[in-house]
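Residue-level structural notes
Letter by letter, the chains look like this.
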Protein chains: 2
Amino acid sequence: MNIRHIAERAGVSVATVSRVLNHPEHVAPKTREKIERIMREAEYTPNWFARGLNFNKTGTIGLMIPHILNSVHMEIAKGVDDVAHQKECIALMCNVENDREKERRYLQWLMKRRVDGIIFISSSLGKRDFEQVQEQGIPIVLIGAYRDNDNFHVVSVDYRQAAMKAVNHLLGNGYRKIAFLYGETPQVENEQKVEGYKQAIRDAGLSLSEDFLKRVENTIEGGYLGAKKLMELAQPPKAIFTSSDYLAFGAMDALKDKNLKIPEDVAIIGFDNVRMSNLVEPKLTTVEIPLHKMGVYGARLLFDRIEEENSPYPGAILLQPKLKIRKSSGHKERIGEMF
Amino acid sequence: MNIRHIAERAGVSVATVSRVLNHPEHVAPKTREKIERIMREAEYTPNWFARGLNFNKTGTIGLMIPHILNSVHMEIAKGVDDVAHQKECIALMCNVENDREKERRYLQWLMKRRVDGIIFISSSLGKRDFEQVQEQGIPIVLIGAYRDNDNFHVVSVDYRQAAMKAVNHLLGNGYRKIAFLYGETPQVENEQKVEGYKQAIRDAGLSLSEDFLKRVENTIEGGYLGAKKLMELAQPPKAIFTSSDYLAFGAMDALKDKNLKIPEDVAIIGFDNVRMSNLVEPKLTTVEIPLHKMGVYGARLLFDRIEEENSPYPGAILLQPKLKIRKSSGHKERIGEMF
DNA sequence: ATGAAAGCGCTAACAG
DNA sequence: CTGTTAGCGCTTTCAT
């Protein structure tokens, strides 16, 4: 069932049928209605490929997601999807699974399909990959932290500052032996957090201990194992700052298994402020990141570039996070009065 | 950069170039290598639309997801994605947001793009919608519970049995005043759970109280509000069974706010066994659903149908859930010895 | 083993 | 307002 069948049945040319599809206003109302009726009766739907062959606009953007089971990434994705949907565009979500090769393969797919643009969330790809995409004329936007991003459009958060805020809060509550338990992914984000942690420790005139910097898989399990190791140190920490709430959940579980009270024996601060951080026992102090907003801003940036021929200058949107103070980080002496 | 450019540079016809793309074995090794080299140098990628115009296979399947922020659905989606990826096929994840109209719009999109098949997760669409898709020659698979699914391929769980198991466990622990707090979505699944709940209560010779059947939004907030209402009853329940772990988390929060101990004052059982159910305090007894497996089975079913011309007979795969017994459901007198 | 040519279904000049 | 026609980039007979 193609455009010619419709044309024949309606006794018009294919051009006219094509017109009711694309510029209905240029067709006489009577002919148009007749053609529309016939289309409906025949359950005709235009062939997407033939269409794309002429248009070269696909109404699709690619969205690279590090891991679809991590709600942190999905919150961002939702922001992107919201904007895309509003633009009557479909966001092709690609589950990259923190695997550079898988991401590259997806990228090839997307480029072949000539998507109108691509958004990367905490991608592990590099400058070279991104440039290649842009050279094909496909605009991109990066969300998260990237090492070498001067020439790209990026939406990010000041992860360094964020980490400093968290550590300073612990310092302010009187803690001195503070460990940082961080995930292998997302890599660059976490490197920036490490920097912030180190800076805050140094600024307080304390000495850095490599033992207190523990790198683990960014999962609940990773948090569990990491915290366990930390507490088995000869000089265990009195507070643990983690690079994600999931790590914090795992860490809390480990502490409970060791019969340590939070925050009386060990304080904890997480990162991201996922919904559950408010429901664990005790409620988790954490760094709040505007995840949904990041997705929205990123998508807007991308659509601006897709729609305007002369895309705006590359540049970064840098958002500031906020510390969400709850019970898990409370000073042991003041805890009674604080909560 | 198209196939003709390559042909010219290589001094061959477009047909030969096309052949190295599709049937390389029918091209003389020397010519083939030359052409391949030129393609690489020119960074040529075949136009996807032109290709699809001839093939009519897109290497894409649609995946309808009720809500991408709900990890229950994403676990299933991950199962689908795993299989799709293995089949070198892309799964287009559509974030339906429990909105029938949004889902229909996505469906139109997918059909226009001639995806090779579509998988629906707990869809709110009906028999008519599904039939329309199949009439277009696009095979579909349903995951979850559906009202009128005899003519479709579906992967489901015995939700009725599952609910009975949970309620029976509570009955076995001595509870008599058991409420069921269930979500508005996914609708059919939860209706089946309601049935199971009622059946188990009746089988125990107890009388059903409408007050104990509370329907709320399927979110943590919904669970909080629902549990609060239940506990404000003149005769509040001594145990609450919820249709999802998220509802259970909200309910637990409400109980804590009322200074009620779990399970000493009120027992709780959730549904789904999401990762966090093992990390809340107390650990949550819940019904374990093989989410990932459901996705995998659904995808396999779909690809079988896509690949075989004569698709297998419609039929259902019905999986049995298991009760995961943890602390939140313990009998108050026996709790000491049980955990 | 390779080439010429006829489409695949649709859009957009151009002409009337 | 409508029809004619030339592509869009690729695949695939059918010859050679």
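Going by the annotation in an unreviewed UniProt entry, the name recorded for chain A is LacI family DNA-binding transcriptional regulator, with Zhenpiania hominis given as the source organism.

**Here we look at the overall build of chain A**
Secondary structure summary: chain A contains 13 helices and 12 strands in total. Compactness check: chain A gives a C-alpha radius of gyration of 26 Å against a globular reference of 20 Å for 339 residues, more than 25% above the reference. Dimensions of chain A along its principal axes, counting C-alpha atoms only, are 90 × 35 × 30 Å. Evaluated residue by residue, chain A yields a buried proportion of 53% over its 339 residues. Excluding contacts between residues fewer than 6 apart, the proportion of contacts in chain A whose partners are at least 24 apart in sequence is 69%. Carbon and sulfur atoms provide 46% of the accessible area of chain A, an area that totals close to 15000 Å². Each charge class in chain A was averaged separately, 48 positive and 45 negative side chains, and the resulting centres sit 2 Å apart.

**Considerations on the pairing of strand β6 (residues 178–183) of chain B**
Sheet faces and side chains relate simply in a regular strand, where the side chains alternate between the two faces. Residues and elements named next belong to chain B. Burial analysis of β6 places 6 of its 6 residues in the buried class, the great majority of the element. By the alternation rule, side chains of β6 split into I178, F180 and Y182 and A179, L181 and G183, which are all buried. Sheet topology note: the β6/strand β8 (residues 239–242) ladder contains 4 bridges and is parallel. Opposite I178, over in β8, you have A239 as the bridge partner. Sheet topology places β6 next to strand β7 (residues 213–216); 4 bridges connect them, and they run parallel. Across the sheet, G183 pairs through a bridge with V216, a residue of β7. With helix α9 (residues 187–203) bridging β6 and its parallel neighbour β7, the resulting β-α-β unit is right-handed.

**Overview of the protein's contact with DNA strand C**
Surveying the vicinity of DNA strand C reveals 28 residues, the closest of which are I3 and Y44 of chain A together with T16, R19 and T31 of chain B. Backbone atoms, meaning sugar and phosphate, make up 66% of the atoms of DNA strand C lying within 4 Å of the protein. Here a phosphate oxygen of DNA strand C sits 2.9 Å away from a polar atom, N or O, in the side chain of N22 of chain A. Here a base oxygen of DNA strand C sits 3.3 Å away from a polar atom, N or O, in the side chain of N54 of chain A.

**Quick word on the protein's contact with DNA strand D**
Neighbouring residues of DNA strand D: 28 residues in total, closest T16, R19 and T31 of chain A together with I3 and Y44 of chain B. The sugar-phosphate share of atoms of DNA strand D within 4 Å of the protein amounts to 62%. Within the side chain of R19 of chain A, a nitrogen or oxygen atom sits 2.4 Å from a base oxygen of DNA strand D. One of the side-chain N or O atoms of R51 of chain B is found 2.9 Å from a phosphate oxygen in DNA strand D.

**Digging into the domain arrangement of chain A**
As far as domains go, chain A holds domain 1 (3–46), domain 2 (59–158 + 291–320) and domain 3 (159–289 + 323–336). In this structure, domain 1 of chain A and domain 2 of chain A have C-alpha centres spaced 38 Å apart.

So, how was this worked out
Residues numbered from 1 in each chain as written. Chains lettered and ligands numbered in written order. Predicted model: local features only at pLDDT ≥ 70, side-chain atom pairs only at ≥ 80, totals over all residues. Heavy atoms only, no water. Helix = DSSP H or I, 4+ residues; strand = E, 2+ residues; numbered from the N terminus. Rg over C-alpha atoms; globule rule 2.2 N^0.38 Å. Buried < 20%, exposed > 50% of the residue type's maximum accessible area, 1.4 Å probe, protein only. Contact = heavy atoms within 4.5 Å. Areas by Shrake-Rupley, 256 points an atom, 1.4 Å probe, with all protein chains shown as cover. Lys, Arg positive; Asp, Glu negative; His and termini not counted. Charge placed at Lys NZ, Arg CZ, Asp CG, Glu CD. Pairing = 2+ DSSP bridges. Right-handed = clockwise from strand over helix to strand, strands pointing away. Near = heavy atom within 4 Å. Polar contact = N/O pair within 3.5 Å; in protein donor to acceptor, adjacent residues only side chain to side chain. Domains from an automatic or database assignment.

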